[in-house]
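# Residue-level structural notes
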Amino acid sequence: MDLHGCLSKESQVWTYLRHLKESGAAVSRATSLLEAVRFSHFTMRVDDALEVMESLRIRGLASQLYISKRPWQPSDVLTVAEVEFLHECFVDPKRSDIDRVIVGHMLHLLYARARHSDLLSVTNAFLDEDGAFFEVGATIHKGARNMDTKAKLLPVVAAATGIRG
């Protein structure tokens, strides 16, 4: 017998949230589910979505799961000495070309305030006429959600001269 046919939508969501808790799934999954239900209610008027959204039992369990989320701990920022070391490696002719290309890429990421994934697919790299800015066009980027925006180039601009000139 199909139990899901007998259970209310609220009970089905409750069962799913309990499964998330017991399986050790990512703690943000429960709140993401509630956001999806909220979206479904307000944009598509899905039946029983309001019942799920207003359930104190579901909202409470989702909150309990989310509270156990670890605080965000970004890496330490690079010191000026570390950035200068990267510059030294970049211009050092004794280092391999591969190392210098990788260090140059890291410096470009640093000065452009970009993620590695932002520069996985770039085109049209050029230096402006004054040699002040280095620009590339990124075809794959975080803001590209649909095919229309994926077809547009996002300019990624960085200072062409770093802290060492």
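The structure contained in this document is the topic of the report that follows. (Residues numbered from 1 in each chain as written. Predicted model: local features only at pLDDT ≥ 70, side-chain atom pairs only at ≥ 80, totals over all residues. Heavy atoms only, no water.)

### Notes on the overall build of the protein
Inclusion rule: What counts as a helix is a DSSP run of H or I of at least four residues, what counts as a strand is a run of E of at least two, and both are numbered from the N terminus. Note on classification: 1.4 Å probe, protein chains only; a residue is buried when its accessible area is under 20% of the maximum for its type, exposed when over 50%, partly exposed between these limits. Any two residues whose heavy atoms approach within 4.5 Å are treated as being in contact. Accessible areas in this description were obtained via Shrake-Rupley with a 1.4 Å probe; residue shielding takes into account the shown protein chains only.
Across its full length, the protein holds eight helices and three strands. The linear arrangement of helices and strands in the protein, starting from the amino end, is α-α-α-α-α-α-α-β-β-α-β. Expressed as a percentage of the 165 residues in the protein, the buried residues total 23%. A sequence separation of at least 24 residues applies to 47% of the contacts in the protein between residues at least 6 apart. About 12,100 Å² of surface is accessible on the protein, with carbon and sulfur atoms providing 58% of the total.

### A look at the pattern of salt bridges
Cut-off, in case you're wondering: When a carboxyl oxygen of Asp or Glu lies within 4 Å of a side-chain nitrogen of Lys or Arg, that pair is called a salt bridge.
Applying the stated criterion to the full structure yields four salt bridges. Between Arg-18 and Glu-22 there is a salt bridge whose closest N-O contact spans 3.6 Å. In this pair, Arg-18 and Glu-22 both sit in helix 2 (residues 9-23), four residues apart, roughly one turn of the helix. When its relative accessible area of 31% is taken as the criterion, Arg-18 is described as partly exposed.

### Thoughts on the side chain of Ser-55
How we decide: The term polar contact refers here to a pair of N or O atoms within 3.5 Å; inside protein, the definition further demands a hydrogen-donor-capable atom paired with an acceptor-capable atom, and it admits residues adjacent in sequence only when both atoms are side-chain atoms.
Relative to the helices and strands, Ser-55 resides in the loop between helix 4 (49-54) and helix 5 (56-67). Ser-55 gets classed as buried once you look at its relative accessible area, which sits at 5%. Separated by 2.6 Å, the side chains of Ser-55 and Glu-10 make a polar contact.

### With respect to the packing of helix 2 against helix 3 (residues 28-44)
Heads up, the rule is: Geometry is summarised by axes, namely lines fitted to C-alpha atoms with helices restricted to the contacting stretch, and by angles between N-to-C directions that run from 0 to 180 degrees. Should an angle fall under 35 degrees it is called roughly parallel, over 145 degrees roughly antiparallel, and 65 to 115 degrees roughly perpendicular, with every other angle called oblique. Crossing handedness is defined as follows: a turn of the near helix away from the far one that is anticlockwise and smaller than a right angle gives a left-handed crossing, while the clockwise case is right-handed. Think of it as three bins: nonpolar holds Ala, Val, Leu, Ile, Met, Phe, Trp, Tyr, Cys and Pro, charged holds Asp, Glu, Lys and Arg, and polar takes everything else, Gly as well.
It is at 9 Å that the axes of helix 2 and helix 3 come closest, and there the two elements cross at 155°. Between helix 2 and helix 3, the angle is such that the two are roughly antiparallel. Crossing hand, helix 2 versus helix 3: right-handed. Only Arg-29, Ala-30 and Leu-33 of helix 3 make contact with helix 2, whose side of the interface consists of Val-13, Tyr-16, Leu-17 and Leu-20. Grouping the amino acids of the contact of helix 2 with helix 3 by side-chain chemistry returns six nonpolar, no polar and one charged.

### Looking at the nonpolar core
Let me state the cut-off plainly: Nine residue types can take part in a nonpolar core, namely buried Ala, Val, Leu, Ile, Met, Phe, Trp, Tyr and Cys, and a core is a set of them joined through side-chain atoms within 4.5 Å.
Among the nonpolar cores identified, the biggest contains 13 residues, and Val-13, Leu-17, Ala-30, Val-37, Val-52 and Ile-58 are the most heavily contacted of them. If one sorts the elements of this core by residue count, helix 5 sits on top with four residues.

### Points about the sheet that holds strand 2 (residues 133-138)
Test applied: By definition, two strands form a pair when at least two bridges between them are found by DSSP.
With respect to topology, three strands assemble into an open sheet ordered 1-2-3, the strand pairing being antiparallel. Edge positions in the sheet fall to strand 1 (122-127) and strand 3 (154-159), since each has one partner strand and no second. This sheet shows a mean twist of 20° between the axes of neighbouring strands, independent of strand direction. Pairing between strand 2 and strand 3: six bridges, direction antiparallel. Bridge assignment links Phe-134 to a residue of strand 3, and that residue is Ala-158. Running at roughly 100° to strand 3, helix 7 (residues 97-112) makes contact with strand 2 and strand 3 of the sheet.

### Details of the environment of Ala-62
By the element assignment, Ala-62 lies in helix 5. For Ala-62, a relative accessible area of 2% puts it in the buried group. Sequence spacing of Ala-62 and Thr-31 is 31 residues, and the spatial spacing of their C-alpha atoms is 5.8 Å. The contact partners of Ala-62, leaving out residues within four places of it in the chain, are Ala-30, Thr-31 and Leu-34.

### A look at the layout of surface pockets
A water-sized probe rolled over the atoms picks out the places where empty space is left. Definition in use: Using a grid of 1 Å spacing that covers the protein atoms alone, one calls a set of points a cavity when a 1.4 Å probe fits there but cannot get out, and a pocket when the set is open and has protein on both sides within 12 Å along at least five of seven lines; lining residues are those with an atom within 4 Å of a point. Grid points are joined across faces, edges and corners, and a volume is the space filled by probe spheres set on the points.
What the largest pocket holds in volume is close to 340 Å³. Together, 16 residues line the largest pocket, and His-87, Phe-90, Leu-107, Tyr-111 and Ala-160 are the ones closest to its centre. Of all elements in the fold, only helix 6 (80-91), helix 7 and strand 3 reach the threshold of two or more residues within the lining of the largest pocket. Taken together, Pro-74, Ser-75, Asp-76, Val-77, Leu-78, Leu-86, Met-106 and Leu-110 form the lining of the second largest pocket.

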